[in-house]
Amino acid sequence: MKSKRPPKGFDVIAYRLEVLDNEMRDKVKESNQGKRNTESVWPVHQISYQRTRYVYDMYTKYNKISRKVYDYCIKNKLVDAN
């Protein structure tokens, strides 16, 4: 649940986050028949890691987003905090 409008600069990462969300939905809907439980959840964890790493790198490594955008993503649980 988003508490307020995203801060200025969020549009830099918004498209990529949307693409990863759509990919996550597809993986969750995918059949897990014939797979072990750990095998079926691995793609979800992988996409979650990709999303978190992308936002972190855009903040620290590339300096494309501000601290406000980074904190907004964490506060609204768009990415993991660790």
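For the structure itself, look to the data block above.
The rules we used
Residues numbered from 1 in each chain as written. Predicted model: local features only at pLDDT ≥ 70, side-chain atom pairs only at ≥ 80, totals over all residues. Heavy atoms only, no water. Salt bridge = Lys/Arg side-chain N within 4 Å of Asp/Glu carboxyl O. Buried < 20%, exposed > 50% of the residue type's maximum accessible area, 1.4 Å probe, protein only. 1 Å grid on protein atoms, 1.4 Å probe; cavity = no way out; pocket = protein on both sides within 12 Å on 5 of 7 lines; lining within 4 Å. Points joined across faces, edges and corners; volume = space filled by probe spheres on them. Nonpolar A, V, L, I, M, F, W, Y, C, P; charged D, E, K, R; others polar.

The subject of this paragraph is the pattern of salt bridges. Within this structure, the stated rule accounts for 6 salt bridges. Across the salt bridge formed by Glu30 and Lys27, the nearest N and O atoms sit 4.0 Å from each other. Residue Glu30 is classed as partly exposed on the basis of its relative accessible area, which comes to 39%. Each of Lys27, Glu30 and Lys35 takes part in one network of salt bridges that share partners.

Let us look at the layout of surface pockets. In this structure, the largest pocket encloses a volume near 150 Å³. Considering the residues around the largest pocket, the lining is formed by His45, Ser48, Tyr49, Thr52, Arg53, Tyr56, Tyr70, Val79, Asp80, Ala81 and Asn82. For the lining of the largest pocket, the class distribution of residues is 5 nonpolar, 4 polar and 2 charged.

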